[in-house]
Amino acid sequence: MGVDAVPYCGPLIAPESLIYAWNGDPWLLLMLACGGVAVLWHRSRTAMSAGQDRALLLAGIGLVVAFVSPLCAATVALFSARVLHHVVLVSVVAPALAVALPWRALPAAVAMGLTSVALILWHVPAVYDAAWTSVTAYWAMQGALLLPAWLFWSAVLHTDQRAEGLFAHALGIGGLAAVMGFIGAVLTFAPTGLYPQHLVGAEAFGMTLLSDQQLAGLIMWVPGFLPLAGIAFWMVRRGWKQGFTA
């Protein structure tokens, strides 16, 4: 197990230095810059609403927070930061991308299933260790999480916006929330720490391995659930109004 390996986001940073630990990986910054240029080119050729512009900005901020800001370094120390990182991708970046740049290659149910599988795999200790010790595995898992989530939210937000479809999409969001809740329950109630990679980091932040893992479970439950609940409620409300006006 790669407890002593240096993961993608770098070596363990002392708590007092964490605020200065921005990720300056030139390849990452180049890819983000290229993505930004591609988006601006697309925007110049396609009429986009003010809401789509705001969604693009939110997605860009979310990606910077996830991979460039000190949150990236914090994921090396704390497993709870890693879970927050996943929540940012699935519950903030992916729906924002879906609003601005919808990608409807798969049915919502299939995309939700793929997203759920990726979420579960990320939290399997052996898979987590592989992503910890290999930069290739790390980015493969990030892609396996973000891309299906983008597909899922694209299908949910842009296909079959009739009342019946909206109710079905709300149920799909509820299914994804249930998967996240299941993972949160496992993390919260597991009797032992499952990710020894964070033992030293948790202690540096005044936590035990188990308490850090329990905090991760609570993050998966509460901050992870709230955006999903908000979007699902909006869909049910919209479908309810359509039902009355039909």
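Residues numbered from 1 in each chain as written. Predicted model: local features only at pLDDT ≥ 70, side-chain atom pairs only at ≥ 80, totals over all residues. Heavy atoms only, no water.

**Describing the overall build of the protein chain**
Thought 1: Looking only at helices and strands, one finds ten helices and zero strands in the protein chain.
Thought 2: The linear arrangement of helices and strands in the protein chain, starting from the amino end, is α-α-α-α-α-α-α-α-α-α.
Thought 3: Taking 2.2 N^0.38 as the reference for a compact globule, 246 residues should give roughly 18 Å; the C-alpha atoms of the protein chain span a radius of gyration of 19 Å, in line with that estimate.
Thought 4: Its C-alpha atoms put the protein chain at 60 × 45 × 30 Å along the principal axes.
Thought 5: The proportion of buried residues among the 246 residues of the protein chain is 46%.
Thought 6: Of the contacts formed within the protein chain by residues at least 6 apart in sequence, a portion of 79% connects residues at least 24 apart.
Thought 7: Carbon together with sulfur atoms contributes 74% to the accessible area of the protein chain, which is approximately 11800 Å² in total.
Thought 8: Looking at the protein chain, you have 9 positive and 9 negative side-chain charges, and the mean spots of the two groups are 24 Å apart. (Helix = DSSP H or I, 4+ residues; strand = E, 2+ residues; numbered from the N terminus. Rg over C-alpha atoms; globule rule 2.2 N^0.38 Å. Buried < 20%, exposed > 50% of the residue type's maximum accessible area, 1.4 Å probe, protein only. Contact = heavy atoms within 4.5 Å. Areas by Shrake-Rupley, 256 points an atom, 1.4 Å probe, with all protein chains shown as cover. Lys, Arg positive; Asp, Glu negative; His and termini not counted. Charge placed at Lys NZ, Arg CZ, Asp CG, Glu CD.)

**Details of the nonpolar core**
Thought 1: In this structure, Val83, Phe152, Trp153, Val156, Ile173 and Leu176 are the most contacted members of the largest nonpolar core, which totals 64 residues.
Thought 2: Elements represented by at least two residues in this core include exactly helix H2 (50-67), helix H3 (70-77), helix H4 (79-100), helix H5 (108-122), helix H6 (125-133), helix H7 (135-158), helix H8 (163-189) and helix H10 (209-245).
Thought 3: Grouped together as the second largest cluster of nonpolar side chains are nine residues, Leu71, Ala73, Ala74 and Ala77 included. (Core = buried A, V, L, I, M, F, W, Y, C linked by side-chain atoms within 4.5 Å.)

**Here we look at the layout of surface pockets**
Thought 1: Its boundaries defined by the atoms lining it, the largest pocket holds a volume of some 820 Å³.
Thought 2: Around the largest pocket, the lining comprises 26 residues; the ones closest to its centre are Met31, Leu32, Gly35, Leu63 and Leu146.
Thought 3: In terms of residues, the lining of the largest pocket owes the most to one element, helix H1 (residues 26-45), which gives nine residues.
Thought 4: Split by residue class, the lining of the largest pocket holds 19 nonpolar, five polar and two charged. (1 Å grid on protein atoms, 1.4 Å probe; cavity = no way out; pocket = protein on both sides within 12 Å on 5 of 7 lines; lining within 4 Å. Points joined across faces, edges and corners; volume = space filled by probe spheres on them. Nonpolar A, V, L, I, M, F, W, Y, C, P; charged D, E, K, R; others polar.)

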